[in-house]
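The lines below spell out each chain.
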Amino acid sequence: MHADSPAVQVEGLVKNYDQVEALRGIDLTIKTGEMFALLGPNGAGKTTLFSILATLRAPTAGRALVHGRDVTIERDAVRRDIGIVFQEPAIEQRLTVRDNLRLMGRLYGLKSGEVNARAEKLLGDLNLAEAADRPAEKLSGGQRRRVELARALVTDPRVLFLDEATLGLDVDARRSFWKHVRGLLNAGRSVVFATHYMEEAEVADRIALIAQGKIVALDTPRALKARLGGGIIRLQTVDDAQASAWLADKGYAPLPGGNGIMLEQNDPAGVVPVLLRDLPVKVVRVEVHEPSLEDVFLKLTGRGLVEEAGSGRNGGGDS
Amino acid sequence: MNGLLAIIFLDMKRFWLDRVRLFAGLLQPLLYLFVLGGGIGASSVQGGAFYRSFIFPGVVCLAMLFTATFAAIVIVFDRQVGFFKAVLVSPVSRTAIGVGKVISGAMQAMVQGLILLLFAPLAGVSLSFFSVLETVVAMALVAMTFSAIGVALASRFRSTTVFPIMTNAVLLPMFFLSGAMFPLDRAPAWMKKLAHLDPVAYGVDLMRQALLGQTSAFFPLWLDVLVLVAATCLLSWAAVRVFARGEETGLGATQFPWRR
């Protein structure tokens, strides 16, 4: 009966911690089979949203459905449908990889033959076969993250949540992790992942840009970037305030760009020489590039993606 | 049922990896039994041998109490890393998690207690087939209660550094008031009153009745059993309630139940 329901449906979701509004009214529909990214800085509310979707926290207001089932009412049904990789390690470090996977099967009440077969398949697919009988603590960082992925997948979830799943991995390990995720996506399975790396978000079918507990934009990566015309100029000067005032005066519409000034221009290559010649303050750095997701984010929020790094994991950017 | 077994199986597997703890766990009770027991016993009217056998059931309880509560620290540790979340997002019932934790802690305490039981002859406690049988049954009940104390406490802590400090602050008074080291019937009136509120006192009393016979009883046997069963149920229920909240802790709710 829930066959054609969306993988995730969120309506007016609000979550307050004592003083902090972590989520301030989230509306979201994620289609079945979709690869969906939540892109936003630390503290934007991504982890809180996942905690609610994964039945670990209750929303203050609004509701969330996974395949048509309410996460606060039909918890066990939702739990059976989802797999989640947390930011932090969630495998028992002293048990072997294989034992960790079997344990999950037992906790989900699955038949051991079924689980073992799936575990072996995953170990092979994720290049973990030779690590299978080693305690998890003896593995490399990249291997451990792949074990987390295997743990989340061994129960054959319909929706897979990945919360900053590649945190702390180097570029190579990150690339290999995503290669595996894509490889595992099969018909009917949906992936929802949170990240603050824009290049990770690019692989998604659609991206929700999230800041301070709200979705500020939701579209395909291409459409999001198309919101910025032409190219982007980033300027850093000895006095950004003065430079901004001058630019505004000349009709350039400067945007605050993290640390510096951002200009959206149809012909950046033509504009830069003029700026360098005419700007009354000394330019320290100038950069021209195609619009990126980070630029979109900057334009919409006036903040960078890593700017808020270091604020609490659960806190919703309350500054 | 599957989930319950999975929780117990997991904890017993980890206990096996930590089996060296069994030897470390013997040190403290044996110190109480032979050093403290020997010293105090030598200056008591009835003599050292009598005192040693008197405190033996209490010392077995001590070993079980500390093993059971230490076993519960794994809950706090699992929460500190993310492992407990992986358990909480699984469909295993929260009751199975709570009860499974209590049973696995009790099993670990039983193992420690049974090892200590081997020292009975050295402590001057003679064992018969029936007294051993009674003792094992008593131990199982007492271990469940002690484990429930540990799990109920552990469910509310997030820090593996704070938990042992708080646990000691709760356990030591409970142990001292239990009459493990001295006969409660000759204790001051205020102490007797407090002992009535101390589940450990009923555990020690039950163990003493099993090992030394009914003449050593302070509480009636039925009351021992009733209190231990009730305490086990109540404390397990309190732990299950916390597990049912998932990550939802709220201010103080996790650390201090009485604020809510």
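Conventions we followed
- Residues numbered from 1 in each chain as written.
- Chains lettered and ligands numbered in written order.
- Predicted model: local features only at pLDDT ≥ 70, side-chain atom pairs only at ≥ 80, totals over all residues.
- Helix = DSSP H or I, 4+ residues; strand = E, 2+ residues; numbered from the N terminus.
- Buried ≥ 20, exposed ≤ 12 C-beta atoms within 10 Å, placed from the backbone.
- Contact = placed C-beta atoms within 7 Å.
- Axes fitted to C-alpha atoms, helices over the stretch in contact; angles between N-to-C directions.
- Parallel < 35°, antiparallel > 145°, perpendicular 65-115°, else oblique.
- Left-handed = near helix turned anticlockwise from the far one by under 90°.
- Nonpolar A, V, L, I, M, F, W, Y, C, P; charged D, E, K, R; others polar.
- Pairing = 2+ DSSP bridges.
- Domains from an automatic or database assignment.
- Core = buried A, V, L, I, M, F, W, Y, C linked by C-beta atoms within 7 Å.
- pLDDT = per-residue confidence, 0-100.

### As for the overall build of chain A
- Within chain A, the secondary structure is distributed over 11 helices and 14 strands.
- By residue count, 45% of the 319 residues in chain A fall in the buried class.
- Taking the contacts inside chain A whose residues are at least 6 apart along the sequence as the reference set, 73% of them involve residues at least 24 apart.

### Comments concerning the packing of helix H9 (residues 199-212) of chain B against helix H10 (residues 221-244) of chain B
Residue and element names in this part refer to chain B.
- Two elements in contact, H9 and H10, have axes separated by 9 Å at closest approach and are oriented at 135 degrees. In this view, H9 runs oblique relative to H10, as classed from their interaxial angle. Of the two elements, H9 crosses H10, and the hand of that crossing is left-handed. Across the interface between the two elements, Pro199, Tyr202, Gly203, Asp205, Leu206 and Gln209 from H9 touch Leu221, Asp224, Val227, Leu228 and Ala231 from H10.
- The residue inventory of the contact of H9 with H10, partitioned by class, reads seven nonpolar, two polar and two charged.

### Structural notes on the sheet that holds strand S13 (residues 261-265) of chain A
Residue and element names in this part refer to chain A.
- Across the sheet, which stays open at both edges, the four strands sit in the order S12-S13-S11-S14 with antiparallel pairing between neighbours. What marks the edges here is a single partner per strand, and that holds for strand S12 (255-256) and strand S14 (283-289).
- Examined bridge by bridge, S12 and S13 share two bridges and lie antiparallel to one another. Across the sheet, Leu255 pairs through a bridge with Met262, a residue of S13.

### Details of the sheet that holds strand S6 (residues 82-85) of chain A
All names here are of chain A.
- Sheet architecture is open: six strands sit in the order S6-S7-S8-S3-S9-S10, paired in mixed fashion. Bordering the open sheet on either side are S6 and strand S10 (214-219), each of which pairs with just one other strand. Strand-to-strand twist in this sheet, taken as the mean axis angle between neighbours without regard to direction, amounts to 15 degrees.
- Where strand S3 (residues 35-39) and strand S8 (residues 190-195) come together, five bridges link them in parallel fashion. Considered in S8, the bridge of Ala37 is made with Phe193.

### Structural notes on the domain arrangement of chain A
- Assigned domains of chain A: these are domain 1 (8-223) and domain 2 (229-290).
- Between domain 1 of chain A and domain 2 of chain A, the C-alpha centre-to-centre distance is 39 Å.

### So, the pairing of S8 of chain A
Residues and elements named next belong to chain A.
- Taken across its six residues, S8 has six buried, putting it largely inside the fold.
- Judged by which residues are buried, S8 turns out to be covered on both faces: Ser190, Val192 and Ala194 on one side and Val191, Phe193 and Thr195 on the other are all buried.
- For strand S7 (residues 159-163) and S8, the ladder comprises five bridges, and the chain directions are parallel. The residue bridging Leu162 from the neighbouring strand is Phe193, located in S8.

### Overview of the nonpolar core
- Membership of the largest hydrophobic core comes to 170 residues, with the highest contact counts inside it found for Met64 and Val142 of chain B.
- The biggest single contributor to this core is helix H3 (residues 48-80) of chain B, with 19 residues.
- Each of domain 1 (8-223) and domain 2 (229-290) of chain A gives at least three residues to this core.
- With near-sequence residues (within four places) excluded, Val142 of chain B lies in contact with Cys61, Met64, Gly203, Leu206, Met207 and Leu228 of chain B.

### Observations concerning helix H11 (residues 293-301) of chain A
- Counting buried positions along H11 of chain A yields seven of nine residues, so the element is predominantly enclosed.
- Positive phi appears at Gly302 of chain A, one or two residues downstream of H11 of chain A, with a value of about 70 degrees.

### Let's talk about the packing of helix H3 (residues 97-107) of chain A against helix H4 (residues 112-125) of chain A
Residues and elements named next belong to chain A.
- At a minimum axis distance of 9 Å, the contact between H3 and H4 shows a crossing angle of 140 degrees. As judged from the angle between their axes, H3 and H4 are oblique. As for the relative orientation of H3 and H4, their crossing is right-handed in sense. For the pair H3 and H4, the contacting residues are Arg98, Leu101, Arg102 and Gly105 in the first and Ser112, Val115, Asn116 and Ala119 in the second.
- Within the contact of H3 with H4, the residues separate by chemical class into three nonpolar, three polar and two charged.

### Points about the environment of Ser90 of chain B
- Note on placement: Ser90 of chain B falls in the loop between helix H4 (83-88) and helix H5 (94-117).
- Excluding its chain neighbours within four sequence positions, the residues that come into contact with Ser90 of chain B are Arg79, Met104, Leu107 and Tyr108 of chain A.

### Quick notes on the interface of chain B and chain A
- Contact with chain B, which involves 22 residues of that partner, is made by 26 residues of chain A.
- It is helix H1 (residues 2-17) of chain B that provides the largest number of residues to the side of chain B that touches chain A, a total of seven residues.
- Taken together, the residues of the side of chain B that touches chain A sort by class into 12 nonpolar, five polar and five charged.

### Quick notes on the environment of Leu228 of chain B
Residues and elements named next belong to chain B.
- Of note, Leu228 is situated in helix H10.
- Taking the C-beta count within 10 Å as the criterion, Leu228 has 23 such neighbours and is therefore assigned buried.
- Put simply, Leu228 and Tyr202 are 26 residues apart on the chain and 6.9 Å apart in space, counted from C-alpha to C-alpha.
- Among all residues touching Leu228, those that are not within four sequence positions of it are Leu141, Val142, Thr145, Pro199, Tyr202, Gly203 and Leu206.

### Considerations on H3 of chain A
- In terms of residue burial, H3 of chain A counts as a mostly covered element, since nine of its 11 residues are buried.
- Among all positions in H3 of chain A, only Val97, Arg98, Asn100, Leu101, Arg102, Leu103, Met104, Gly105 and Leu107 of chain A are buried.
- The inward-facing, buried residues of H3 of chain A contact H4 and helix H5 (141-153) of chain A together with H1 and H4 of chain B.
- Just beyond H3 of chain A, the residue with positive phi is Gly109 of chain A, at close to 65 degrees.

### As for unusual backbone geometry
- Its identity as a non-glycine residue notwithstanding, His67 of chain A has a phi of 50 degrees, on the positive side.
- Structurally, the position occupied by His67 of chain A is in the loop between strand S4 (61-66) and strand S5 (69-70).

### Section: the confidence of the model for chain A
- Looking at chain A as a whole, the pLDDT averages 87, with 94% of positions reaching at least 70.
- Segment residues 308-319 of chain A: pLDDT under 50, and 35 contacts once partners within four positions in sequence are set aside and those in other chains are kept.

### Some remarks on the pairing of strand S9 (residues 206-211) of chain A
All names here are of chain A.
- Of all six residues making up S9, five are buried, and the element is well covered by its neighbours.
- Across five bridges, the pairing between S9 and S10 is antiparallel. In the strand pairing of S10, Ala211 is matched with Lys214.
- If you look at the hairpin formed by S9 and S10, you'll find two residues sitting between the two strands, and Gln212 has a positive phi there, around 50 degrees.

### Quick notes on the confidence of the model for chain B
All names here are of chain B.
- Per-residue pLDDT for chain B has a mean of 89; in total, 94% of the residues score no lower than 70.
- Low confidence marks residues 250-260, where pLDDT is under 50. Its contacts with residues over four positions away, or in another chain, come to 11 contacts.
- Scored by ipTM, the complex comes to 0.83, with pTM at 0.86.

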